[in-house]
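Listed here are the chains, written in short residue letters.
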Amino acid sequence: MATFGTLSDRLTETFRNLRTKGKLTPADVDGTVREIRRALLDADVALVVVKDFTAKVRERALSDEVSRALNPAQQVVQIVNEELVAILGGQQRRLQFAKTAPTVIMLAGLQGSGKTTFAGKLAKQLEKDGHTPLLVAADLQRPNAVNQLQVVAQQAGAAVYAPEPGNGVGDPVRVARDGVETARRQQHDVVIIDTAGRLGVDAELMKQAADIRKATDPDEVLFVIDALTGQDAVNTAKAFQEGVDFTGVVLSKLDGDSRGGAALSVASVTGRPIIFASTGEGLDDLEAFHPDRMASRILDLGDILTLIEQAQQAFDEDEARKVAEKLATEQFTLEDFLDQLQQMKKMGSMKKMLGMLPGMGQMKQQLENFDDREIDRTEAIIRSMTPGERRNPKLLNGSRRLRIARGSGMTVTDVNQLVQRFDQAAKMMKTVARGGVPNIPGMGPMGGKPGASSKRGGKQKPRSGSRSGNPAKRAAENAGIATVPTAPTGSGFGLGGGAPQPSEADLAEIQKLFGKG
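Keep in mind that this is a model prediction, so the values were computed, not measured.

Conventions and cut-offs
- Starting from 1, residues in each chain are numbered consecutively following that chain's sequence as written.
- With pLDDT at 70 or above as the cut-off, local features in this predicted model cover only qualifying residues; side-chain atom pairs require 80 or more to be listed or tallied, and sums for whole chains, interfaces and linings still use all residues.
- Excluding hydrogens and water, the side-chain values take into account all heavy atoms of the structure.
- By definition, any uninterrupted DSSP run of H or I lasting at least four residues is a helix, any uninterrupted run of E lasting at least two residues is a strand, and each is numbered from the N terminus.
- Think of a polar contact as two N or O atoms within 3.5 Å of one another; within protein, one of them needs to be a possible hydrogen donor and the other a possible acceptor, and neighboring residues in sequence only count if both atoms come from side chains.
- Contacts are assigned to residue pairs with any non-hydrogen atoms lying within 4.5 Å of each other.
- Strand pairing is assigned whenever DSSP identifies at least 2 bridges connecting the two strands.
- In this analysis an axis means a line fitted to C-alpha atoms, helices contributing only their contacting stretch, and an angle means the value between N-to-C directions, from 0 to 180 degrees.
- In this scheme, a residue with accessible area under 20% of its type's maximum is buried, one over 50% is exposed, and one in between is partly exposed, where area comes from a 1.4 Å probe on protein chains only.
- One fewer than the residue count of a helix, multiplied by 1.5 Å, yields its expected span.
- Our arc is simply the arc of the directions from the helix axis toward the C-beta atoms.
- Stacked, tilted and edge-to-face are the three classes assigned to paired rings of Phe, Tyr and Trp, where Trp is represented by its six-membered ring and a pair needs centres within 6.5 Å; plane angles under 30 degrees give stacked, over 60 edge-to-face, the rest tilted.
- Left-handed describes a crossing in which the near helix is turned anticlockwise from the far one by less than a right angle; the clockwise case is right-handed.
- Each residue is assigned to one of three groups, with Ala, Val, Leu, Ile, Met, Phe, Trp, Tyr, Cys and Pro labelled nonpolar, Asp, Glu, Lys and Arg labelled charged, and all others, Gly among them, labelled polar.
- One number per residue, pLDDT, summarises how confident the predictor is, and it ranges from 0 to 100.
- What counts as a salt bridge is simple: a side-chain nitrogen of Lys or Arg found within 4 Å of a carboxyl oxygen of Asp or Glu.
- The scheme is simple: roughly parallel for angles under 35 degrees, roughly antiparallel for over 145, roughly perpendicular for 65 to 115, oblique for anything else.
- For the purposes of this section, nonpolar cores are sets of buried Ala, Val, Leu, Ile, Met, Phe, Trp, Tyr and Cys residues that join through side-chain atoms within 4.5 Å.

Draft legend 1. Up close: the side chain of threonine 116. Residue placement: threonine 116 occurs in helix H6 (residues 115-128). Here the side chain of threonine 116 touches arginine 142 through a polar contact of 3.2 Å, side chain to side chain. Here aspartate 194 takes part through its side chain, which lies 2.8 Å from a polar atom of the side chain of threonine 116. What threonine 116 contacts, discounting residues up to four positions off in sequence, is Arg142, Gln148, Leu149, Val152 and Asp194.

Written out as structure tokens, the structure reads:
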């Protein structure tokens, strides 16, 4: 996540230096805490939060829980992770819905913080969850704010209540009140009120927001904060808390190139939980905020749970089962591969998904060079093929490949590489589908079995005896050869040989996870 990029790099480097030490001295702890303090201050985290955070980390790092640990460095990383979770809010907080519909959600924040866009994102997410939201255009001050909300509502597939044209015309308090009544009459179970903002905090803004809150009695008041604004965002949050009060925070523009101080400060300073994080410009780029997962991302420990959730939403279970069956029966074709690519695109940016894997912060350069449009180019090549060619790539002779290259705007080399990669991937997937172990190019078989050979000829050629002219040296070398195993007993991954094999229950659980159960 770009917002925490610099902070994540600084912390990761600090812990990397720490891991080289077998035992931590008070001087090591002080040095580590000093680097953490600098990293947080550079990230524009509020000073009061930094002082409290580093004091707790130092106290715990010098305690018995670290000195008695088998790996003190890992224990310190764990302590920092736990304290990060604490300042990010501790536990995840979900939206609170009213016992009697409609649930009223009021949005507040400065102009340009992303309230209107978030209203559309929230409406679309609620639609997916089976709700019927109504967007209320109560921002009658900003030019074209009403029109923007109407466009966003149309994209989200949600209804909108906009009786006034805006641009300074109309009473926002009356519009908000009438919007709630309209939702009740038309049986919408959620009302999202988009209110006006200002370039800065002023008395008129606070009075209007307070009047709307009094008139609508919302179940949730969400303060939308721009993660790019740094320290100023915390001061604004304090002003809104005193003037209007809010029940939760929404972090917008969390995908921007920012230092992330607002995100790390706002929950701790205001005592209000962060409920949502906006991670992109698309209406689908909205995530429920999980403090523990965000802390893991900051420390480059990955966010596998969010990745799994996104995959479950994007992939069709029945389709996955059909693909598994085709793989097992060697019927997987380029048409099936195209379907899988399209489902992957539903998950969003591949670069963002790869960034959720543990340790990917150390491969930042490779991630930056990764081009999401590569999937589009692959899709263009496959779509330029005839149905028969997709089902049977062996039909692709030179003239057909030239035609496909021209039709997709690519080169014949690109077409050749795609077909070659598909053949290799299909072979690996067929091996896995049958319960075998794939042979990864350049690595050999993962977890080599006893008797397996690393050469194509099958059996290894036995080593001949020593040819040394020194009788004593010849005897020693021959004895050494006799003790060398004639077959590999494992692999670079520590598999094979005497490694424990998964039980039937483990295999059944894995198959269930991938939709094969």
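Anyway, onward from the coordinates.
Draft legend 2. Up close: the sheet that holds strand S8 (residues 286-288). Ordered by their spatial adjacency, eight strands build an open sheet running S3-S2-S4-S1-S5-S6-S7-S8, and the pairing between neighbours is mixed. Across the chains shown, the open sheet's two edge strands, defined by having one partner strand only, are strand S3 (159-161) and S8. Going across the sheet, the axis of each strand differs from the next one's by a mean of 25°, ignoring polarity. In the packing of helix H8 (residues 172-185) onto the sheet, the strands contacted are strand S1 (103-108), strand S2 (133-137), S3 and strand S4 (190-194), and the crossing angle to S2 comes to about 160°. Against the sheet, helix H9 (residues 203-216) makes contact with S1, S4 and strand S5 (220-226), and its axis sits at roughly 180° relative to S1, the strand it touches most.

Draft legend 3. The arrangement of unusual backbone geometry in detail. In this model, alanine 101 is joined to proline 102 through a cis peptide bond whose omega is 5°. The phi angle at asparagine 167 is positive, at roughly 55°, despite the residue not being glycine. Structurally, asparagine 167 can be placed in the loop between S3 and H8. On the accessibility criterion, asparagine 167 (46% relative accessible area) is partly exposed. Its identity is not glycine, yet glutamine 187 carries a phi of approximately 65°, on the positive side. With respect to the helices and strands, glutamine 187 occurs in the loop between H8 and S4.

Draft legend 4. Representation of H9 within the structure. For H9, spanning 14 residues, the distance from its first C-alpha to its last is 20 Å, which sits close to the expected 20 Å at 1.5 Å a residue. Residues Leu205, Met206, Gln208, Ala209, Ile212 and Thr216 constitute the buried set of H9. Down the axis, H9 shows its buried residues gathered within 165° of arc, on one side only. Structural note: H9 exposes Ala203, Glu204, Lys207 and Lys214 on the side pointing more than 90 degrees away from its buried face. Following H9 by one or two positions, aspartate 217 adopts a phi angle in the positive range, close to 45°.

Draft legend 5. Structural context of the packing of aromatic side chains. In the structure shown here, the tally under the stated rule is three aromatic pairs. Taking 5.8 Å as the distance between ring centres and 55° as the angle between the ring planes, the aromatic pair formed by phenylalanine 118 and phenylalanine 276 counts as tilted. Taken as a pair, phenylalanine 118 in helix H6 and phenylalanine 276 in strand S7 (residues 274-278) lie far apart in primary sequence, 158 residues in all. A relative accessible area of 2% means that phenylalanine 118 is categorised as buried. Their ring planes at 20° and their centres at 5.1 Å tell us that phenylalanine 223 and phenylalanine 246 sit as a pair that is stacked. In this pair, phenylalanine 223 sits in strand S5 while phenylalanine 246 sits in the loop between helix H10 (231-243) and strand S6 (248-252), placing the two residues 23 residues apart along the sequence. Comparing phenylalanine 223 with phenylalanine 246 shows no difference in burial state: the two are buried. Through a chain of ring-to-ring contacts, three or more aromatic side chains come together here, namely Phe223, Phe240 and Phe246.

Draft legend 6. Region of interest: the packing of helix H3 (residues 47-61) against helix H5 (residues 72-87). At a minimum axis separation of 10 Å, H3 and H5 run at an interaxial angle of 145°. For the crossing formed where H3 meets H5, the hand is right-handed. On the side of H3, the interface is formed by Val49, Phe53, Lys56, Val57, Arg60 and Ala61, while H5 contributes Val76, Ile79, Val80, Glu82, Glu83, Leu84 and Ile87. Along the lines of polarity and charge, the residues of the contact of H3 with H5 split into nine nonpolar, no polar and four charged.

Draft legend 7. Examining the confidence of the model for the chain more closely. When pLDDT is averaged across the chain, the result is 75; 65% of the residues are at 70 or more. Per-residue pLDDT stays below 50 along residues 440-463; that stretch engages in 34 contacts with residues further than four places along the chain or on separate chains. Considering only residues more than four positions removed or in separate chains, one finds that residues 480-502, a stretch of pLDDT under 50, has 33 contacts.

Draft legend 8. Quick look at the pattern of salt bridges. According to the stated counting rule, one finds 18 salt bridges in the structure shown. Note that arginine 174 and glutamate 164 form a salt bridge whose closest N and O atoms lie 2.7 Å from each other. Residue arginine 174 is located in helix H8, and its partner glutamate 164 is located in the loop between S3 and H8; the two are separated by ten residues in the primary sequence. Residue classification places arginine 174 among the partly exposed positions, given a relative accessible area of 34%. Salt-bridge contacts for lysine 207 lead to aspartate 211; the nearest nitrogen and oxygen are separated by 3.0 Å. Linking lysine 207 with aspartate 211, this pair stays in helix H9, spanning four residues, or about one helical turn.

Draft legend 9. Layout of the packing of H8 against H9. Contact pair H8 / H9: the axes reach a minimum separation of 9 Å and the direction vectors enclose 25°. Comparing their axes, H9 and H8 come out roughly parallel. The interaxial crossing formed by H8 with H9 has right-handed handedness. Of H9, the residues touching H8 (which contributes Pro172, Val173, Ala176, Arg177 and Val180) are Gln208, Asp211, Ile212, Ala215 and Thr216. Of the residues assigned to the contact of H8 with H9, the class counts are six nonpolar, two polar and two charged.

Draft legend 10. Highlighting the nonpolar core. Counting residues in hydrophobic clusters, the biggest one holds 90 residues, and the most contacted among them are Phe15, Val80, Leu84, Phe118, Ile192, Ile193 and Phe240. The element that contributes the greatest number of residues to this core is H5, accounting for eight residues. Beyond its immediate chain neighbours, meaning those up to four positions away, isoleucine 193 contacts Val104, Ile105, Met106, Leu107, Val136, Ala138, Ala176, Val180, Ile212 and Thr216. Ranked by size, the runner-up nonpolar core spans 15 residues in total, among them Phe332, Leu341, Leu396 and Val415.

Draft legend 11. Quick peek at helix H18 (residues 373-383). Along H18, the residues classified as buried are Ile375, Thr378, Glu379, Ile381 and Ile382. Taken down its axis, H18 places every buried residue within 160° of arc, on the same side.

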